[in-house]
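Spelled out, the chains give:
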Amino acid sequence: MFIITLTYLKPAEEIDKLLAAHREYLREQYANGIFLMSGRQVPRTGGIILATADSRADIEAVIELDPFNEAGAASYTITEFVPTMTADSLSAFKQA
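Keep in mind the model is a prediction, meaning the values are calculated, not measured.

Glancing now at the nonpolar core. Ile4, Phe35, Ile59 and Phe68 are the most contacted members of the largest nonpolar core, which totals 20 residues. Discounting residues that sit within four places of it in the chain, Ile4 has contacts with Phe35, Gly47, Ile48, Ile49, Ala51, Ile59, Ile63, Tyr76 and Thr77.

So, in C-alpha cells, the structure goes:
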C-alpha cells in the first residue's frame, strides 16, 4: 500500500489550469484499480493519494503519467506501508 503526497510547485492559477486533466488521470487510475482514495490537502498546498500496486516502481510509473508531473507543477513523496489494521470496510487490504 502506498501514500502519495503531492506538493504543488506552481501557483494556484497554474494548478487550476491543469485540474481537469489531473482529474481525468485520477479517474483512469481508479478504473485501473490502483488509486483507492484521493483529495487535496488543507490548506491547499498539494494532495494525498492512497494507492495499491505490486511495487514502488509501478507507483513511480503511474506518477509519471500525471499531468501535474508532466507540467512540473508538483513534487511527489511516496510512502510504502503494510496495513496490519483496518476498518472493517477496508479489511480486503489488510496484510499479516
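Back to the write-up after that little detour.
Right, let's get into the sheet that holds strand β1 (residues 2-8). An order of β2-β3-β1-β4 is seen for the 4 strands of this open sheet, with the pairing classed as antiparallel. Because the sheet does not close on itself, it has two edges, and the strands there are β2 (35-40) and β4 (74-80). Sheet twist, expressed as the average angle between the axes of neighbouring strands with direction ignored, equals 15°. Across 6 bridges, β1 lies against strand β3 (residues 46-51) in antiparallel orientation. Looking at the pairing, Thr7 lines up with Gly46 of β3. Here helix α1 (residues 12-31) sits on the sheet and contacts β1, β2 and β3; the angle it forms with β2, its principal contact strand, is near 165°. This element, helix α2 (residues 56-64), spans β1, β2, β3 and β4 of the sheet and lies at about 160° to β4.

Below, the discussion takes up the packing of aromatic side chains. Counting across every chain of the model gives 3 aromatic pairs. With a centroid separation of 5.8 Å and an interplanar angle of 80°, the aromatic rings of Tyr25 and Phe35 are classed as edge-to-face. You can see Tyr25 sitting in helix α1 and its partner Phe35 sitting in strand β2, a full 10 residues away along the chain. Phe35 shares its class with Tyr25; the two are buried. Taken together, a centroid distance of 6.2 Å and an interplanar angle of 85° make the contact between Tyr30 and Phe35 edge-to-face. Feature note: the residues Tyr25, Tyr30 and Phe35 constitute an aromatic cluster, connected by ring pairs.

For the largest pocket, the calculated volume is near 240 Å³. For the lining of the largest pocket, the elements supplying multiple residues, two or more each, are β1, α1, β2 and β3. Considering every element that reaches the lining of the largest pocket, the biggest residue donor is α1, with 4 residues. Split by residue class, the lining of the largest pocket holds 7 nonpolar, 4 polar and 3 charged.

Attention now moves to the environment of Ile59. Along the chain, the position of Ile59 falls in helix α2. Residues Ile59 and Phe2, 57 residues apart in the sequence, show an inter-C-alpha distance of 8.1 Å.

Residue Val42 is joined to Pro43 through a cis peptide bond whose omega torsion reads 0°. Position of Pro43 among the secondary structure elements: in the loop between β2 and β3.

Conventions and cut-offs
Residues numbered from 1 in each chain as written. Predicted model: local features only at pLDDT ≥ 70, side-chain atom pairs only at ≥ 80, totals over all residues. Heavy atoms only, no water. Core = buried A, V, L, I, M, F, W, Y, C linked by side-chain atoms within 4.5 Å. Buried < 20%, exposed > 50% of the residue type's maximum accessible area, 1.4 Å probe, protein only. Contact = heavy atoms within 4.5 Å. Pairing = 2+ DSSP bridges. Helix = DSSP H or I, 4+ residues; strand = E, 2+ residues; numbered from the N terminus. Axes fitted to C-alpha atoms, helices over the stretch in contact; angles between N-to-C directions. Phe/Tyr/Trp six-rings, centres within 6.5 Å; stacked < 30°, edge-to-face > 60°. 1 Å grid on protein atoms, 1.4 Å probe; cavity = no way out; pocket = protein on both sides within 12 Å on 5 of 7 lines; lining within 4 Å. Points joined across faces, edges and corners; volume = space filled by probe spheres on them. Nonpolar A, V, L, I, M, F, W, Y, C, P; charged D, E, K, R; others polar.

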